[in-house]
Amino acid sequence: MYEIVPHTADVRIQLENASLESLFDDAAHAITAFSRITTMPHEVAERELVVDSVDRASLLVDFLNEIMTLLHVDRLAFDGFRSITLAPTSLRARVRLRAVETWSEDIKAVTYHEAHVTHDGELWRAAMVLDV
Amino acid sequence: MLTRKHIMRISDTLWEIPRTHRDDMRVPARFYASESMLDDILGDRSLEQLVNVATLPGIRKYAIAMPDAHEGYGFPIGGVAAFDPDEGVISPGGIGYDINCGVRMLRSELRLDDLGDRVGDLAHQLQREVPSGVGRGGSLTLRGRDLDAVLEEGASRMVRMSYGTESDLDRLESRGSLADADAGEVSETAKARGRDQLGTMGAGNHFVEVDVVDRVFDEEAAALSGIREGQVVFQIHTGSRGLGHQIATDFLKVMSKAMSRHRITVPDPQLACVPFRSDEGQRYFRAMSAGANFAWANRQLITHEVRRAWSLTFGDAGGELEIVYDVAHNIAKLEEHTLGGRSVRLVVHRKGATRAFEGQPVLIPGSMGTASYLLVGSRDAMNESFGSTCHGAGRRMSRTKAKKEIDGGELRARMKRMGIEVAAGSNRGLVEEAPEAYKDVDSVVDVVHRAGIARKVARLRPVAVVKG
């Protein structure tokens, strides 16, 4: 589950989920939804993503920036995981993608600003700020 | 959270958080503001961020914030910090994602009266000539060595490709090119994001604007810039587009991994930094310089597009559009400054701040529908703020709130009543940039003028705005 929260100059996304893998999935769907993408429904692709970072919060940020790169460079929008393997500071995933026709909200980057990923015993919670 | 009790008054326009405020501060934090602005500045975390900047290794004299400061990533937007190149750091957060976001001003030979009823035509011609909006590419796509040449030569490459004249370069900060640029340090992803974005405005708060010189404060300085009351001028506000954003993303990741090896810890991960002289530091500096060159090339191609729109609208009767100046407001540069009576080289980071060297034109755009200003840099700026001043108005309302509270149709009608033609890609993008979403630029400029770090030369009033 995710929520987009106002932030003076930017946008903050807050998430919570019982599963860390689903949290990552929610985060990718959140930034994709925020981008207001129009896809070409029958054109699909898959890509392998490998991300290494210094900690779990940075891993989420770095993963989401890879998702944005797929949008900006290859014009492909995240459509879910085929598979994902998560470690505290690394991720290997096969992602499903749709070809993009247009998008109307520009995310310059997912920032490390106020980024966190925590577990409270029941739920994984995360937040990050998007530079828009 | 900082409060008024943590702040010392230095003057009517300058305040200080002393070094004793926190054990890890290496220098005091200073900020420019009027008394009436204090609550606003204390209302977000920009001053906490400024205090964090004051803890960075090798910082000299003060961490500085301008009166348009607001909360950013790591560094506040509207921040200036200078570091010893041998002992200090370089930090992408001190430059921003949009490397060399900046402003260029062009002047025409015509007065507003000369345009007659054709301002609307001009606005729509500009909208046709200057690509804008999210994900929109331009007419020029460069790859391989052609793109690398732009990254290494900046505006001069565009002039050699016949998008302007050699004399244009004389009117650009750093002649529109940083010599330290190395295209080899720019990732293929960044190049892929930027290859079709030259000559494009982007979206958000970027714009091309037609203004009239509304009032001249300093006749002599105005004359030196070829500016006179009633004259039609243009402003171009944009930066390095996706290429610059990607350079920042790439190197924030590199630095966050490298910091532990350099035994650097920071209070905020977005302050990620490495020693300037380190391998990572030099690679980022060279990549940032390339991003800066891309932005200057971008504004040079947009200048060509604006000149074309002008010519298509008014023909020979319009005369030429000459560049007044071009300033960067997100950049790091190696500069000579005087500290303790000695001339020293420093790595000056400006994030949402403008260089204001003595005698140099300074361009301060207002938000949509409000005034903009031409100022001139001063000796006081050299002495007090590493030759720096503010960059604009600074946001005060979130985009979400603006979209909720402001109606796009009503905003367009309001602009029309104010005599401003608006050519915008979407009402949603327009309301996010409504004047009420920003601080008051008149107050911001008034503070820097009274502080002496830039002097008012002329005020501009918008007559047409083109936005993505």
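Located above this text is the structure these notes cover.
Residue positions are given per chain, counting from 1 as you read along its sequence in written order. For naming, the first written chain is A and the first written ligand is 1, with later ones following in the order written. Selection of residues for local features in this predicted model requires a pLDDT of at least 70, selection of side-chain atom pairs for listing and counting requires 80 or more, and totals for whole chains, interfaces and linings are taken over all residues. To obtain the side-chain values, all non-hydrogen atoms of the structure were included, while hydrogens and water were left out.

1. Concerning the interface of chain B and chain A
Step number 1: It only takes one pair of heavy atoms within 4.5 Å for two residues to be counted as in contact. Counting from both sides, the interface comprises 33 residues of chain B and, opposite them, 32 residues of chain A.
Step number 2: Throughout, buried area stands for the accessible area (probe radius 1.4 Å) lost by two parts on being put together, summed over both. For the pair chain B and chain A, the summed buried area comes to about 2700 Å², and 54% of that belongs to carbon and sulfur atoms.
Step number 3: Three residues stand out in chain B for area buried against chain A, namely B:Tyr73, B:Val134 and B:Arg428, and they jointly supply 22% of the buried area on that side.
Step number 4: Salt bridges, as used here, are contacts in which a Lys or Arg side-chain nitrogen is within 4 Å of a carboxyl oxygen on Asp or Glu. Inspection of the chain B/chain A interface yields 2 salt bridges.
Step number 5: A:Glu114 is paired through a salt bridge with B:Arg45; the nearest N and O atoms lie 2.7 Å apart.
Step number 6: In protein, a polar contact requires one atom able to donate a hydrogen and another able to accept it; more generally it is a pair of N or O atoms within 3.5 Å, and residues adjacent in sequence count only if both atoms are side-chain atoms. Viewed at the interface, chain A and chain B are joined by 8 residue pairs in polar contact (both at pLDDT 80 or more).
Step number 7: Listed by contribution, the elements that provide at least two residues to the side of chain B that touches chain A are helix H7 (188–194), helix H9 (241–258), helix H12 (399–405) and helix H14 (427–432) of chain B.
Step number 8: Considering every element that reaches the side of chain B that touches chain A, the biggest residue donor is H9(B), with 7 residues.
Step number 9: Note that Gly is not counted as nonpolar here; it falls among the polar residues with everything else outside the nonpolar set of Ala, Val, Leu, Ile, Met, Phe, Trp, Tyr, Cys and Pro and the charged set of Asp, Glu, Lys and Arg. Here the side of chain B that touches chain A is composed, by residue class, of 7 nonpolar, 13 polar and 13 charged. The way it works is that DSSP assigns letters per residue, a run of H or I at least four long becomes a helix, a run of E at least two long becomes a strand, and they are numbered from the N terminus.

2. Quick notes on the environment of B:Asp40
All names here are of chain B.
Step number 1: By the secondary structure assignment, Asp 40 is in helix H1 (residues 38–42).
Step number 2: Residue Asp 40 is classed as partly exposed on the basis of its relative accessible area of 43%.
Step number 3: Note: C-alpha distance between Asp 40 and Arg 396 (356 residues apart in sequence) is 8.7 Å. Buried, partly exposed and exposed residues are distinguished by accessible area as a fraction of the type maximum, computed with a 1.4 Å probe on protein chains only: under 20%, between the cut-offs, and over 50%, respectively.

3. Some words on the pattern of salt bridges
Step number 1: Following the criterion strictly, the structure yields 46 salt bridges over all chains and no others.
Step number 2: Of the charged contacts in the structure, one is a salt bridge between B:Asp214 and B:Arg461, with a shortest N-O distance of 3.6 Å. Of this pair, B:Asp214 sits in strand S8 (residues 207–216) while B:Arg461 sits in strand S19 (residues 455–467); the two residues are 247 residues apart in sequence, bridging distant segments of the chain.
Step number 3: For B:Asp214, a relative accessible area of 29% puts it in the partly exposed group.
Step number 4: Accessibility expressed as a relative area gives 34% for B:Arg461, which makes it partly exposed.
Step number 5: Several salt bridges converge on common partners, so that one network encompasses A:Glu46, A:Glu48, A:Arg82, A:Arg92 and A:Arg94.

4. Some points on a negative patch on the surface
All names here are of chain B.
Step number 1: Patch membership is restricted to residues that have no salt bridge and whose relative accessible area is over 30%. Joining uses 9 Å for like charges and 5 Å for the nonpolar side chains Val, Leu, Ile, Met, Phe, Trp and Tyr. Note on areas: these come from Shrake-Rupley sampling with a 1.4 Å probe, and a residue is covered only by the protein chains present in the view. Counted as positive: Lys and Arg. Counted as negative: Asp and Glu, with His and the chain ends omitted from the count. Working definition for charges: the position is that of NZ of Lys, CZ of Arg, CG of Asp or CD of Glu. On the surface, a cluster of negative charge is contributed by Glu 109, Asp 316, Glu 320 and Glu 322.
Step number 2: Structurally, Glu 320 is set in the loop between helix H10 (279–314) and strand S11 (322–328).
Step number 3: With a relative accessible area of 52%, Glu 320 lands in the exposed category.

5. With respect to the sheet that holds strand S12 (residues 330–339) of chain B
Adjacent strands of a sheet pair through backbone hydrogen bonds, lying either parallel or antiparallel.
Residue and element names in this part refer to chain B.
Step number 1: For two strands to be treated as a pair, DSSP must find no fewer than two bridges joining them. One open sheet holds the 7 strands; their spatial order is S1-S2-S3-S4-S5-S13-S12, and the pairing between them is mixed. At either margin of the open sheet sits one strand with a lone partner, and together these are strand S1 (8–11) and S12. Between one strand axis and the next, the sheet turns by 25° as a mean value, whatever way the strands run.
Step number 2: As judged from the 3 bridges shared by strand S3 (residues 29–32) and strand S4 (residues 63–70), these two strands associate in the parallel manner. Each bridged residue has a counterpart across the sheet, and for Ala 29 the counterpart in S4 is Ala 63.
Step number 3: Across the face of the sheet, helix H15 (residues 441–451) comes into contact with S3 and S4 while running at roughly 145° to S4. Lines fitted to the C-alpha atoms define the axes, with helices restricted to the stretch that makes contact. Angles between their N-to-C directions range from 0 to 180 degrees.

6. Examining the environment of B:Val186
Residues and elements named next belong to chain B.
Step number 1: For Val 186, the position within the fold is in the loop between helix H6 (166–169) and H7.
Step number 2: Spatially, the C-alpha atoms of Val 186 and Arg 286 are 8.5 Å apart, while their sequence positions differ by 100 residues.
Step number 3: If we ignore the near neighbours within four places in the chain, the residues touching Val 186 are Leu 151, Lys 191, Ile 247, Ala 287 and Ala 290.

7. A few points about H15(B)
Residue and element names in this part refer to chain B.
Step number 1: Buried within H15 we find Val 441, Val 444, Val 445, Val 447, Val 448 and Ala 451. In a view along the axis of H15, the buried residues occupy a sector of 155°, so they form one face of it.
Step number 2: On its buried side, H15 packs onto S3, S4, strand S15 (361–364), strand S16 (372–376), strand S17 (388–389) and S19.
Step number 3: The N-cap residue of H15 is Asp 440: its side-chain oxygen and the backbone nitrogen of Asp 442 are 3.1 Å apart.
Step number 4: With its phi angle positive at about 85°, Gly 452 sits one or two positions after the end of H15. Taken from the helix axis, the directions to the C-beta atoms give the arc we talk about.

8. Quick notes on the nonpolar core
Step number 1: We call a set of buried residues a nonpolar core when its members are Ala, Val, Leu, Ile, Met, Phe, Trp, Tyr or Cys and they connect through side-chain atoms within 4.5 Å of each other. In terms of nonpolar packing, the biggest core is built from 197 residues, with A:Phe63, A:Leu130, B:Phe31, B:Phe234 and B:Val306 touching the most fellow members.
Step number 2: Sort the elements by how many residues they give to this core and H10(B) lands first, with 15 residues.
Step number 3: Sequence-distant contacts of A:Phe63, that is, excluding residues within four places in its chain, are made with A:Phe24, A:Ala28, A:Leu49, A:Val51, A:Phe78, A:Phe81 and A:Leu91.
Step number 4: Grouped together as the second largest cluster of nonpolar side chains are 17 residues, B:Met105, B:Val327, B:Leu363 and B:Val376 included.

9. A short note on the packing of helix H1 (residues 20–34) of chain A against helix H2 (residues 56–74) of chain A
All names here are of chain A.
Step number 1: Interaxial distance between H1 and H2 falls to 10 Å at its minimum, and their mutual angle equals 40°. Between H1 and H2, the angle falls in the class oblique. Once H1 is placed against H2, the crossing between them reads as right-handed. For the pair formed by H1 and H2, the contact residues are Leu 20, Phe 24, Ala 27, Ala 28, Ile 31 and Thr 32 on the first element and Arg 56, Leu 59, Leu 60, Phe 63, Leu 64, Ile 67 and Met 68 on the second.
Step number 2: Of the residues assigned to the contact of H1 with H2, the class counts are 11 nonpolar, 1 polar and 1 charged. In what follows, roughly perpendicular refers to angles from 65 to 115 degrees, roughly parallel to angles under 35, roughly antiparallel to angles over 145, and oblique to any angle outside these ranges. Handedness of a crossing is defined here by the sense of rotation of the near helix relative to the far one, left-handed for an anticlockwise turn of less than a right angle and right-handed for a clockwise turn.

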